[in-house]
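Analysis of the macromolecular model
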Amino acid sequence: MRHLAILLALPLWVQAAAYSGPLFDTHLHYNEEAYTAAFPLADVLARMQRSGVRAIIANSRPNDGTKSLTNARDASRAIGLTVVPFVRLYRNRADYTNWFRDESIYTMVESELAAGTAAGPYRGLGEFHLYDSRNANGPVARKLMQLAQARNLAVLAHVDDDAIDLLMAHAPQARLIWAHTGIGGAPVERVRALFKRHPRLMGELSYRPGLTAADGQLSSEWRALITEMPDRFLIGSDTWINERWSDYENIMQAARVWLGGLPPEMARKIAWENAAGLFGLTGKPD
């Protein structure tokens, strides 16, 4: 609670400087509509470089977008960027609503994992969506969670709070990253309870309702939760549509603003170290 006491002691007129350290974007898509026309590879890499992004979780529809990012090894090295590839479950938009019971999805995932990428093996599965939490019990959802646990793959899941319990029941030791830390704005107390129940659950904070106040700083309830559990949170951009790529630098700067309101060592954990630790990235980039 030492960090919380420090934060509460700050006078209200103090304007914290934005966080200036490295960022690990744990929710990045390079989807077909981006890479085929509007945002060529050189452009998206330049946006990451200008934003101070030093590592990304790449997951794309289809997986060709992720492969193009991993194939650009020389360009990535030139800007100090590490690409952590995930297998996405979607070949097309139709797969969003049926993947959890479609055995061909499981077969596709196995094939992708066997092939790997130019950057080496895949490190996770997802992002996937469940629009009805009961579908977390679908046969393919269950098998994929168990596969992730067996192979030590992280999972990026866009689900509600009830689905978290269902998914973790299939694979209690899986490393589950909760996209947006709850669609629809699960109450902070519910988030806190789930984090206490599932010690390997991490929360990614893009699009999270109620995260910040009008000044761009953390709301009081989110400041309290993040201060209580600074090892459990990650930042991301969620470039799911081209408009998010257009606004990429502003999205990442908005994260820097609220990170700057935290103690520096805590900000760096959320911006970089928590995700780097998940994937064994060594060293401390400037």
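Residues numbered from 1 in each chain as written. Predicted model: local features only at pLDDT ≥ 70, side-chain atom pairs only at ≥ 80, totals over all residues. Heavy atoms only, no water.

**A look at the nonpolar core**
Counting residues in hydrophobic clusters, the biggest one holds 77 residues, and the most contacted among them are Met48, Trp99, Ile226 and Trp258. Among residues more than four places away in sequence, those in contact with Met48 are Leu28, Val53, Ile56, Leu69, Leu81, Trp245 and Tyr248. Grouped together as the second largest cluster of nonpolar side chains are 17 residues, Ile57, Val84, Trp272 and Phe279 included. (Core = buried A, V, L, I, M, F, W, Y, C linked by side-chain atoms within 4.5 Å. Buried < 20%, exposed > 50% of the residue type's maximum accessible area, 1.4 Å probe, protein only. Contact = heavy atoms within 4.5 Å.)

**Things to note about the packing of helix 8 (residues 161-170) against helix 9 (residues 188-197)**
Running from N to C, helix 8 and helix 9 point in directions that differ by 10°, and their axes come no closer than 10 Å. Put simply, helix 8 runs roughly parallel to helix 9. Between helix 8 and helix 9, the residues in contact are Asp161, Asp162, Ile164 and Asp165 and Arg190, Leu194 and Arg197, respectively. Residues that form the contact of helix 8 with helix 9 fall into these classes: 2 nonpolar, no polar and 5 charged. (Axes fitted to C-alpha atoms, helices over the stretch in contact; angles between N-to-C directions. Helix = DSSP H or I, 4+ residues; strand = E, 2+ residues; numbered from the N terminus. Parallel < 35°, antiparallel > 145°, perpendicular 65-115°, else oblique. Nonpolar A, V, L, I, M, F, W, Y, C, P; charged D, E, K, R; others polar.)

**Some words on helix 7 (residues 139-151)**
Note on helix geometry: an α-helix contains 3.6 residues per turn, so any two residues three or four positions apart are oriented the same way. For helix 7, built from 13 residues, the straight-helix expectation of 18 Å at 1.5 Å per residue is met to within 8% by its first-to-last C-alpha distance of 18 Å. Turning to helix 7, its buried residues are Val140, Ala141, Leu144, Met145, Leu147 and Ala148. Here the buried residues of helix 7 occupy an arc of 160° about the axis, which is enough to place them on one side. At the exit of helix 7 stands Asn152, carrying a positive phi of roughly 55°. (Expected span 1.5 Å × (residues − 1). Arc of directions from axis to C-beta.)

**Some thoughts on the environment of Leu259**
Relative to the helices and strands, Leu259 resides in helix 12 (residues 248-259). Spatially, the C-alpha atom of Leu259 lies 11 Å from that of Thr227, the residues being 32 residues apart in sequence.

**Digging into the sheet that holds strand 5 (residues 154-158)**
Across the sheet, 8 strands lie side by side as 1-2-3-4-5-6-7-8; this open sheet has parallel pairing. The open sheet terminates on both sides in strands that have one partner only, identified here as strand 1 (23-28) and strand 8 (233-234). Note: strand 7 (residues 201-204) against strand 8, 2 bridges, orientation parallel. Paired with Gly203 across the strands is Phe233, a residue of strand 8. (Pairing = 2+ DSSP bridges.)

**As for the side chain of Arg244**
Looking at the element boundaries, Arg244 is found in helix 11 (residues 242-246). Among buried Asp, Glu, Lys and Arg side chains, Arg244 stands out as unpaired, with Asp238 the closest opposite charge at 5.6 Å. Not counting the four nearest positions on each side in its chain, Arg244 is found in contact with Tyr207, Ser237, Asp238, Thr239 and Ile251. (Lys, Arg positive; Asp, Glu negative; His and termini not counted. Salt bridge = Lys/Arg side-chain N within 4 Å of Asp/Glu carboxyl O.)

**Focus: the environment of Thr36**
Among the secondary structure elements, Thr36 is positioned in helix 2 (residues 32-38). Sequence separation between Thr36 and Ala171 is 135 residues, and the spatial gap between their C-alpha atoms is 37 Å.

**Side note on the UniProt feature "domain: Amidohydrolase-related" (unreviewed entry) in the protein chain**
Here the UniProt feature "domain: Amidohydrolase-related" (unreviewed entry) sits at residues 130-281. Across residues 130-281, helical content stands at 49% and strand content at 10%; the span's end C-alpha atoms are separated by 30 Å. (UniProt positions renumbered as here; feature names shortened; annotations may be inferred.)

**Points about the pattern of salt bridges**
Here the structure, examined in full by the defined rule, presents 21 salt bridges. Across the pair Asp161 and Arg190 runs a salt bridge whose closest N-O atoms are separated by 2.7 Å. Separated by 29 residues along the polypeptide, Asp161 in helix 8 and Arg190 in helix 9 bring together distant segments of the chain. Of the residues examined, Asp161 reaches a relative accessible area of 18% and is grouped as buried. A salt bridge links Glu189 to Arg192; the shortest N-O distance between them is 2.3 Å. Remark: Arg192 and Glu189 occur in helix 9; sequence separation between them is 3 residues, near one turn of the helix. Relative accessible area serves as the criterion here: at 54%, Glu189 is assigned to the exposed category. Here the salt bridges share partners, and the residues they tie into one network are Asp161, Asp162, Asp165, Arg190 and Arg197.

**Re unusual backbone geometry**
Here the bond from Arg61 into Pro62 is cis, since omega is -10°, no more than 30 degrees from zero. If you trace the backbone, Pro62 turns up in the loop between strand 2 (53-58) and helix 4 (64-71). Note that the residue after Gly126, namely Glu127, is joined by a cis bond; omega there is 10°. Residue position: Glu127 is located in strand 4 (residues 124-129). Of note, Thr181 is a non-glycine position whose phi angle comes to about 50°, a positive value. Note on placement: Thr181 falls in the loop between strand 6 (175-178) and helix 9.

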